[in-house]
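# What the coordinates show
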Amino acid sequence: MPIKLKNVIETVAKEKNIPEQVIERALKDGIFVAVKKEYKLRKDQIKVIYDKEKDELKVLVKKKVTPFVEDEKREISLEEAKKYDPNADYGKFVEVPLDLEDIGRIALSVAKEVIAEKVSKVERDILYKEFKEYEGKILTGTVRRFEGEDIIVDLGRVEAILPKEEQIQKEKYKIGDRVRALVLKVLKENKYPLLEKGKVKRVIKVSEGPLIILSRTHPNFLKKLIEIEVPEVQEGEIEIKAVAREPGERAKVAVYTKDKNIDPVGVVVGLKGSRIQNVSNELSDEKIDVIEWSEDPARFVIRALSPARPTKYRLLPKEKRIEVAVPKEELSLAIGKNGINAKLAHKLTGWHIDILSEEDFEKIQKLPTKWWTKGK
């Protein structure tokens, strides 16, 4: 007896947001596997046909015509065979319609598993392709639950993970909170190794893919927040050249423009600091220094050490190292609390920076020196 399936297929397709033909294919494959397992037949002995117009699912099994039927699942008498094929004869095979009620419970269970697995795989592939396009962009979700110290974020059609390592440590969340984050990675696989100093620290896993990893600590999160806040950055008038962060504490951003009539720092900071303050608020009051980028590495390094004001420097290009002199009273300012200002300046510029008092700087200047002084 044919089974009516059209409404079921339409409902599942709508719920899963995948094409109806995918559900049809999964259904046929599931029944095929179940029949093959139950009847112990070869692939070429089974046909599963879904007639969309008539809304009928038919299963045809090839049975061998034999004078003595010992296995009703694979053999058929000549008299019975002629009902399906008038030309039937001993030793030949005929295609016999199978009533699905004849399939055992275990086999039907297998069919359900196959259908669920195939539908799930297609659904994962669709979600992967959809969210892969969001990689490197900012999304907003809702805190759904906690797994250890990791946060599971509901993005609507899929859940993402905000690992402990990608959280601003002083931030605390509770279930139902809204959270904005950068889509760091979107993977088909359901696990991803987190590295620390080149070694696997731990492996993030989810029961089903795709695996979407979020971050609130990545430098690009800050960059994207500024792009959202500052139209001139979105439009390409101002370029963000580099970003360095100590998440939740302090950050440095280097900006640049070809237009000599635009003050890139002033535009990004905004009137009375309004624009950069909005970004800082999103990052739990992370202090953000905005500086003007320069192709001159020395000038760039000196600006990066702001708010300290170096007075002299010696550039060692082969070592990508620079020695800078600052007034003695500004030494702690240049280094920063726990070395944070110097560390961020190094991250931003890529240069190793030796910060010295003016007195100590003078003592070590025995090699040819390229001098720079304030105002030049």
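Shown above is the structure to which this text applies.
The following refers to the structure shown. (Residues numbered from 1 in each chain as written. Predicted model: local features only at pLDDT ≥ 70, side-chain atom pairs only at ≥ 80, totals over all residues. Heavy atoms only, no water.)

## Section: the packing of helix H5 (residues 219–229) against helix H8 (residues 274–282)
How two helices pack is summed up by the angle between their axes together with the distance between the axes. Using the following cut-off: All axes are obtained by fitting lines to C-alpha atoms, using only the stretch in contact for helices, and the reported angles, taken between N-to-C directions, cover 0 to 180 degrees. A run of DSSP states H or I qualifies as a helix once it reaches four residues; a run of E qualifies as a strand once it reaches two. Both are numbered from the N-terminal end. Orientation is classified from the angle alone, with under 35 degrees giving roughly parallel, over 145 giving roughly antiparallel, 65 to 115 giving roughly perpendicular, and any other angle giving oblique. Handedness of a crossing is defined here by the sense of rotation of the near helix relative to the far one, left-handed for an anticlockwise turn of less than a right angle and right-handed for a clockwise turn. In this analysis, two residues are considered to be in contact whenever any of their non-hydrogen atoms come within 4.5 Å of each other. Asp, Glu, Lys and Arg are counted as charged, while Ala, Val, Leu, Ile, Met, Phe, Trp, Tyr, Cys and Pro are counted as nonpolar; the rest, among them Gly, fall into the polar class.
Contact pair H5 / H8: the axes reach a minimum separation of 10 Å and the direction vectors enclose 135°. Classified by the angle between their axes, H5 and H8 sit oblique to one another. Of the two elements, H5 crosses H8, and the hand of that crossing is right-handed. On the side of H5, the interface is formed by Phe-221, Leu-222, Leu-225, Ile-226 and Glu-229, while H8 contributes Arg-275, Ile-276, Asn-278, Val-279 and Glu-282. For the contact of H5 with H8, the per-class residue count stands at 6 nonpolar, 1 polar and 3 charged.

## Some words on the pairing of strand S11 (residues 211–215)
Defined as follows: Per-residue accessibility, obtained with a 1.4 Å probe over protein chains only, is compared with the maximum for each type, and a residue is labelled buried under 20%, exposed over 50%, and partly exposed between these values. The criterion for strand pairing is that DSSP finds at least two bridges linking the strands in question.
The buried fraction of S11 is high, at 5 of 5 residues. Residues of S11 alternate between two faces, with Leu-211, Ile-213 and Ser-215 on one and Ile-212 and Leu-214 on the opposite face, all of them buried. With 5 bridges connecting them, strand S8 (residues 178–187) and S11 associate as antiparallel partners. Within S11, the position partnered with Val-183 by the bridge is Leu-214.

## Topic: the sheet that holds strand S16 (residues 321–326)
Read from one edge to the other, the open sheet built from 3 strands follows the order S15-S16-S17, with strand pairing classed as mixed. Two strands bound the open sheet, and with one partner strand each, they are strand S15 (312–316) and strand S17 (352–357). Strand after strand, the sheet turns through a mean of 15° between neighbouring axes, direction not considered. Each of S15, S16 and S17 is contacted by helix H9 (residues 297–304), which is oriented at about 130° to S15, the strand it contacts most.

## So, a nonpolar patch on the surface
Rules: Residues qualify for a patch when their relative accessible area is over 30% and they have no salt bridge, like charges being joined within 9 Å and the nonpolar side chains of Val, Leu, Ile, Met, Phe, Trp and Tyr within 5 Å. In these tables, accessible area is a Shrake-Rupley quantity obtained with a 1.4 Å probe, and a residue counts as shielded only by the protein chains included in the view. The working definition used for a salt bridge is a side-chain nitrogen of Lys or Arg within 4 Å of a carboxyl oxygen of Asp or Glu.
A surface patch of nonpolar side chains, amounting to about 280 Å² of accessible area, comprises Leu-195, Val-200 and Val-203. Within the fold, Val-200 resides in strand S10 (residues 199–205).

## Let's talk about the side chain of Thr-66
Turning to its location among the elements, Thr-66 is positioned in the loop between strand S2 (56–65) and strand S3 (75–76). If we skip the residues at most four places from it in the chain, Thr-66 touches Glu-75, Ile-76, Ser-77, Leu-78 and Tyr-90.

## Details of the sheet that holds strand S12 (residues 239–246)
Across the sheet, 3 strands lie side by side as S12-S13-S14; this open sheet has mixed pairing. Of all strands in the sheet, those with a lone pairing partner are S12 and strand S14 (287–292), marking the two edges. Neighbouring strand axes in the sheet, compared pairwise and without regard to direction, differ in orientation by 15° on average.

## Some details on a negative patch on the surface
What counts here: Residues scored as positive are Lys and Arg, those scored as negative are Asp and Glu, and His as well as the terminal groups of each chain are ignored. Note on charges: their place is set at NZ of Lys, CZ of Arg, CG of Asp or CD of Glu.
Together, Glu-329, Glu-358, Glu-359 and Asp-360 give the surface a local cluster of negative charge. Overall, Glu-329 belongs to the exposed group, its relative accessible area being 65%.

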